Amino acid sequence: NARTLIRAASILVIVGISAYFIYSINQNKYLRLFNRYYSVYEYSDISRSGIIFNKNLKNMEQALEKYNKGKYVEASNLYENVIQIDSENIIAHFLLSICYIEMGENRKAINELVKLAQNEKNLLKETAKWYLGLCYLKVGDNENALKVFHGLGNYPNYYKEKSGQILKKIDRVK
């Protein structure tokens, strides 16, 4: 019957719209969590890892200057140049990931942060994981966000308490 088909189609449209709104509301909650906990990483001590910078000191100084002025596109170009010369430069990779977040290039940020989070020699490993979790929230990859924040909450580190707060709020969103 035509009536039955119209009713079925109407029901499917209503269910689809409802599912979309529920999904959107949850995504907005995760985005609000990102906005609440995200802040640009402040980095000014270029001498902290002087050994890492000696190949590329001038480029790193210029990149950091742009970064600290909020000129993330220019800073990202400089960090990419630094990485071409010194692919092991952890600080350049990390600050590049923050530039990507600020530029809205979250997938690129995630790619950088995943590498940093897996690098056992990385002094910024926990910080990279923190920003990785936040990026996952921002792009709606809540499953990976949960894994990252659970990992940060399982042992003492600077982000343990904040990770626990986010996990509690995510549980309320579900």
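## A short note on helix 4 (residues 72–85)
Side chains three or four residues apart in an α-helix point the same way, a direct result of the helix having 3.6 residues per turn.
Phase 1: Here helix 4 is 14 residues long and its end C-alpha atoms lie 20 Å apart, about the 20 Å a rise of 1.5 Å per residue gives.
Phase 2: For helix 4, every residue scored as buried is listed here: Y72, A75, S76, L78, Y79, V82 and I83. Axial view of helix 4: buried residues confined to an arc of 165 degrees, hence all on one face. Residues V73, Q84 and I85 are exposed on helix 4 and point more than 90 degrees away from its buried face.
Phase 3: Looking at the packing, one finds that the buried side of helix 4 touches helix 3 (57–68) and helix 5 (90–103).

## A word on the pattern of salt bridges
Phase 1: Evaluation of the coordinates by the stated rule reveals 6 salt bridges.
Phase 2: Here E74 and K66 are joined by a salt bridge, their closest N and O atoms 3.1 Å apart.
Phase 3: Judged by relative accessible area, E74 falls into the partly exposed class, the value being 38%.
Phase 4: In this structure K66 comes out as partly exposed when scored by relative accessible area, which is 23%.
Phase 5: We note a salt bridge from E143 to K147, for which the minimum N-O separation is 3.9 Å. Of the two residues, E143 and K147 are both situated in helix 8 (residues 142–153); the distance of 4 residues between them amounts to about one turn of the helix.

## Here we look at the side chain of K129
Phase 1: Note that K129 resides in helix 7 (residues 125–139).
Phase 2: Here K129 is buried and forms no salt bridge, its nearest opposite-charge partner E126 lying at an N-O distance of 5.3 Å.
Phase 3: Each residue touching K129, except ones within four places of it in the same chain, is listed here: A117, V148, L152 and Y155.

The rules behind these values
Residues numbered from 1 in each chain as written. Predicted model: local features only at pLDDT ≥ 70, side-chain atom pairs only at ≥ 80, totals over all residues. Heavy atoms only, no water. Helix = DSSP H or I, 4+ residues; strand = E, 2+ residues; numbered from the N terminus. Expected span 1.5 Å × (residues − 1). Buried < 20%, exposed > 50% of the residue type's maximum accessible area, 1.4 Å probe, protein only. Arc of directions from axis to C-beta. Contact = heavy atoms within 4.5 Å. Salt bridge = Lys/Arg side-chain N within 4 Å of Asp/Glu carboxyl O. Lys, Arg positive; Asp, Glu negative; His and termini not counted.

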